[in-house]
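Geometric and topological summary
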Amino acid sequence: GWNMPFELQFVAATQVLDALTKDGVNLESIPAEKYKGYRNKVLSYVKESNDTSLLNWTSGKLNGNQKGQKRLMHQLFQSYPLVSHWLIPNENEFIERQMNLRNSSAHPKEEISITDLEYWHTRAVVLLAMSVIAVKLGFREQDVIHRIEDTYYKYDEISKVKELYSNAPEDVGAPKPQ
């Protein structure tokens, strides 16, 4: 059968993961009223400068009150601590790599060539998304982990992903499945 080009696999997996980070989450960076107050105060200062281009630019920059994707990714790890840290012990390294690859694939400056690191990172994205979806479907996190371990589902991929992100900082304090 036809295999999706790898770059598209990464984009599709990233879109799923991005959607999962936003599912059921308050996306406001700060409370709406507080944001409006800050925005109005900043705009009033800029208006006093009588610089129309600065006012237009500032108005455009202050039209969003949403959490950034990096913050949402950390919240996903916090919401699903067992499966996420079981699969990806080093949350920070994974998220940093995800943000870099996400941005470079969304806005490529040159032809994309896939490295082994990027290949295995994409597998991590897919496995994390699948695990979170299983929990959202009603399975307990530890049951998802036990089922995967008992059946050796994607054993080689999971082993490689865990190895890739095995250098977890000691202060992460990720809970262990029981």
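Residues numbered from 1 in each chain as written. Predicted model: local features only at pLDDT ≥ 70, side-chain atom pairs only at ≥ 80, totals over all residues. Heavy atoms only, no water.

**Remarks on the overall build of the chain**
The condition that has to hold: Counting from the N terminus, the helices are the DSSP runs of H or I reaching at least four residues and the strands are the DSSP runs of E reaching at least two. Only protein chains enter the accessibility calculation, which uses a 1.4 Å probe; a residue whose area is less than 20% of its type maximum is buried, one above 50% is exposed, and one in between is partly exposed. By definition in these notes, contact holds between two residues if any of their heavy atoms fall within 4.5 Å. In this description, accessible areas are obtained by the Shrake-Rupley approach with a 1.4 Å probe, and a residue is regarded as covered only by the protein chains that are shown.
A tally of regular secondary structure across the chain gives nine helices and zero strands. If you list the helices and strands of the chain from N to C, you get α-α-α-α-α-α-α-α-α. With 178 residues in all, the chain has 31% of them scored as buried. Within the chain, contacts between residues at least 6 apart in sequence are counted, and of these 79% link residues at least 24 apart. Looking at the chain as shown, the accessible area adds up to about 11,200 Å², and 52% of this sits on carbon and sulfur atoms.

**Quick look at helix α9 (residues 155–164)**
To keep things clear, this is the line we draw: As used here, the arc belongs to the directions running from the helix axis to the C-beta atoms.
Listed as buried for α9 are Glu157, Ile158 and Val161. Buried residues of α9, seen end-on, are gathered within an arc of 95 degrees and therefore sit on one face of the element. Summarising the geometry of α9, the exposed residues directed more than 90 degrees from the buried face are Asp156 and Glu163. For α9, the secondary structure elements touched by its buried residues are α5 (81–87), α7 (116–136) and α8 (141–151).

**Quick word on the confidence of the model for the chain**
Here is the rule we go by: pLDDT is a per-residue confidence score from the predictor, ranging from 0 to 100.
A residue-level look at the chain finds 84% of positions with pLDDT of 70 or above and a mean pLDDT of 83. By mean pLDDT, the top-scoring element of the chain is α5 (95), and the lowest-scoring one is helix α1 (residues 6–22) (79). Segment residues 170–176 is flagged for pLDDT under 50; beyond a separation of four residues in sequence, or across chains, it makes six contacts in the model.

**Quick word on the pattern of salt bridges**
Quick note on the threshold: Salt bridges are counted wherever a side-chain nitrogen of Lys or Arg sits within 4 Å of a carboxyl oxygen of Asp or Glu.
Within this structure, the stated rule accounts for nine salt bridges. The partner of Arg97 in a salt bridge is Glu93, with the nearest N and O atoms 3.2 Å apart. One end of the pair is Arg97 and the other is Glu93, both in helix α6 (residues 91–106) and four residues apart, which spans about a single turn. Exposure remark for Arg97: the relative accessible area of 17% places this residue in the buried category. Asp143 is the partner of Arg140 in a salt bridge, and the nearest nitrogen-oxygen pair spans 3.0 Å. Classification of Arg140 as partly exposed rests on a relative accessible area of 48%. Taking the relative accessible area as the measure of exposure, Asp143 reaches 32% and is therefore partly exposed.

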